[in-house]
Protein chains: 2
Amino acid sequence: MTTHTVETCAKAKLAIRDTLDVVGGKWKLVLISLLRSGKKGFNELSREAGISPRILSKELQELEMNGLVSREVCNTKPVTVQYELTDYSNTLNEVLVAMEKWGYQHRQKIISGN
Amino acid sequence: MTTHTVETCAKAKLAIRDTLDVVGGKWKLVLISLLRSGKKGFNELSREAGISPRILSKELQELEMNGLVSREVCNTKPVTVQYELTDYSNTLNEVLVAMEKWGYQHRQKIISGN
């Protein structure tokens, strides 16, 4: 990243806020990351992410609204619901890879005590 | 990103949570982005980011604690405090660039109505 001028700085701030508005918060990127291994049911996601059903439901609804996750009602008894990533969610790959890499190196830094 | 197995999925989830623990929330990445154009005073940051002093103070303290921002008390009358990015904050460049790019393309998508 080159040095920011006032103008590019404002543009960058807006773009970052836009991204955070859609995938910010504690859970959305974690959920997207978990769904990369394939479609999952609600309870499975709740367990794997460690999120309460109430919050999970809200987060999934927002992800669906923004076209990142699709919801499929399965004709089972009892009825189950499966969630999977949309093609559009692939546009977030670069963000996810960068965050994975940073989280990994930061943990190594903390462990090594630097 | 390749397809995740259960194991790489758990590792990715941990790394993303680690990153979100340090720079998650509504403001930290915005603040880092704003500080790229150079050191800034507290009031200047508060105004540019549109954050209340109370929340800004807490966010800056956490960024300082994690070695991403440094705080300098200036011997002026009245005393002023300046904040600037540390070298370590540069490790977040890839995350910031990816988020800027995504926010920008997402806004274009919304505007074009697709």
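Rules behind the numbers
- Residues numbered from 1 in each chain as written.
- Chains lettered and ligands numbered in written order.
- Predicted model: local features only at pLDDT ≥ 70, side-chain atom pairs only at ≥ 80, totals over all residues.
- Heavy atoms only, no water.
- Helix = DSSP H or I, 4+ residues; strand = E, 2+ residues; numbered from the N terminus.
- Rg over C-alpha atoms; globule rule 2.2 N^0.38 Å.
- Buried < 20%, exposed > 50% of the residue type's maximum accessible area, 1.4 Å probe, protein only.
- Contact = heavy atoms within 4.5 Å.
- Areas by Shrake-Rupley, 256 points an atom, 1.4 Å probe, with all protein chains shown as cover.
- Lys, Arg positive; Asp, Glu negative; His and termini not counted.
- Charge placed at Lys NZ, Arg CZ, Asp CG, Glu CD.
- Polar contact = N/O pair within 3.5 Å; in protein donor to acceptor, adjacent residues only side chain to side chain.
- Pairing = 2+ DSSP bridges.
- Least-squares fit on C-alpha atoms with pLDDT ≥ 70 in both.
- Salt bridge = Lys/Arg side-chain N within 4 Å of Asp/Glu carboxyl O.
- Axes fitted to C-alpha atoms, helices over the stretch in contact; angles between N-to-C directions.
- UniProt positions renumbered as here; feature names shortened; annotations may be inferred.
- Phe/Tyr/Trp six-rings, centres within 6.5 Å; stacked < 30°, edge-to-face > 60°.
- Lys NZ or Arg CZ within 6 Å of the ring centre and 35° of its normal.

Looking now at the overall build of chain A. Looking only at helices and strands, chain A has 5 helices and 3 strands in total. Along chain A, from the amino end to the carboxyl end, the secondary structure elements read α-α-β-α-α-β-β-α. The C-alpha radius of gyration computed for chain A amounts to 17 Å, which surpasses the reference 13 Å derived for 114 residues by more than 25%, pointing to a less compact arrangement than a globule. In terms of overall dimensions, chain A has C-alpha extents of about 60 × 40 × 25 Å along its principal axes. Burial statistics for chain A: of 114 residues in total, 44% are counted as buried. Put simply, of all contacts in chain A between residues at least 6 apart along the chain, 44% involve residues at least 24 apart. Roughly 6200 Å² of accessible area belongs to chain A as shown, and the carbon and sulfur atoms make up 53% of that amount. Taking the 16 positively charged and 13 negatively charged side chains of chain A as two groups, their mean positions are separated by 6 Å.

Turning to the side chain of B:Thr19, a few remarks are in order. Counting through the fold element by element, B:Thr19 comes out in helix H1 (residues 6-23). A distance of 2.7 Å separates the side chain of B:Thr19 from the backbone oxygen of A:Met99, its partner in a polar contact. Apart from residues no more than four positions distant in its own chain, B:Thr19 is found in contact with A:Met99, A:Trp102, A:Gly103 and B:Gly24.

Residue and element names in this part refer to chain B. Taken in spatial order, the 3 strands make up an open sheet running S1-S3-S2, and their pairing is antiparallel. Across the chains shown, the open sheet's two edge strands, defined by having one partner strand only, are strand S1 (40-41) and strand S2 (69-74). As paired elements, S1 and strand S3 (residues 80-85) share 2 bridges and run antiparallel to each other. Its bridge partner lying in S3, Gly-41 is registered against Gln-82.

Overlay of chain B on chain A (RMSD 0.0 Å): rotation 180 degrees, translation along the axis 0.0 Å. Given the turn and translation reported, the copies of this chain are related as if by a two-fold rotation axis. Counting the interface residues of chain B, we find that 100% of their copies in chain A are interface residues as well, pointing to one common contact surface.

Attention shifts here to the pattern of salt bridges. As enumerated under the stated definition, the model contains 18 salt bridges over all chains in all. Among the ionic pairs, A:Lys39 bridges to A:Glu72, the shortest N-O distance being 3.1 Å. One end of the pair, A:Lys39, is in the loop between helix H2 (28-35) and strand S1 (40-41); the other, A:Glu72, is in strand S2 (residues 69-74), and 33 residues separate them in sequence. Accessibility expressed as a relative area gives 39% for A:Lys39, which makes it partly exposed. Across the pair B:Glu62 and B:Lys58 runs a salt bridge whose closest N-O atoms are separated by 3.2 Å. Of this pair, B:Glu62 and B:Lys58 both sit in helix H4 (residues 53-65), separated by 4 residues, roughly a single helical turn. Each of A:Lys28, A:Lys58, A:Glu59 and A:Glu62 takes part in salt bridges that share partners, so that together they form one network.

Our focus in this paragraph is the sheet that holds strand S3 (residues 80-85) of chain A. Residue and element names in this part refer to chain A. Read from one edge of the open sheet, 3 strands run S1-S3-S2, paired in antiparallel fashion. Across the chains shown, the open sheet's two edge strands, defined by having one partner strand only, are S1 and S2. As defined by bridge partners, S2 adjoins S3 across 6 bridges and the pair is classed as antiparallel. Across the sheet, the residue bridging to Cys-74 is Thr-80, located in S3. This element, H2, spans S1, S2 and S3 of the sheet and lies at about 95 degrees to S3.

Below, the discussion takes up the pairing of S3(B). Only one face of S3(B) is buried: it carries B:Val81, B:Tyr83 and B:Leu85, and the other face, with B:Thr80, B:Gln82 and B:Glu84, is open. Taken together, S2(B) and the strand that follows it, S3(B), pair antiparallel across an intervening segment of 5 residues.

On to the environment of B:Trp27, then. Inspection of the secondary structure assignment puts B:Trp27 in the loop between H1 and helix H2 (28-35). In the structure, B:Trp27 is positioned 82 residues away from B:Lys109 in sequence and 24 Å away in space, judged by C-alpha atoms. Other than its neighbours up to four places away in sequence, B:Trp27 contacts A:Arg17, B:Ala49, B:Gly50, B:Ile51, B:Ile55 and B:Glu59.

In this structure's numbering, the residues bearing the UniProt feature "domain: HTH hxlR-type" (unreviewed entry) are residues 9-111 of chain A. The distance separating the terminal C-alpha atoms of residues 9-111 of chain A is 34 Å; by composition the span is 61% helix and 14% strand.

A word on the packing of aromatic side chains. Counted by the stated rule, this structure contains 4 aromatic pairs over all chains. Both rings, one in A:Phe42 and one in A:Tyr83, keep their centres 6.4 Å apart while their planes meet at 50 degrees; by these two values the pair is tilted. Taken together, the residues A:Phe42 in helix H3 (residues 42-49) and A:Tyr83 in strand S3 connect sequence positions 41 residues apart. Note on A:Tyr88 and B:Trp102: the rings are 6.1 Å apart at their centroids and 40 degrees apart in plane angle, and the pair reads as tilted. Of this pair, A:Tyr88 sits in the loop between S3 and helix H5 (93-112) while B:Trp102 sits in helix H5 (residues 93-112), placing the two residues on different chains. Between A:Arg17 and the ring centre of B:Trp27, over which it is positioned, the NZ or CZ distance is 5.0 Å.

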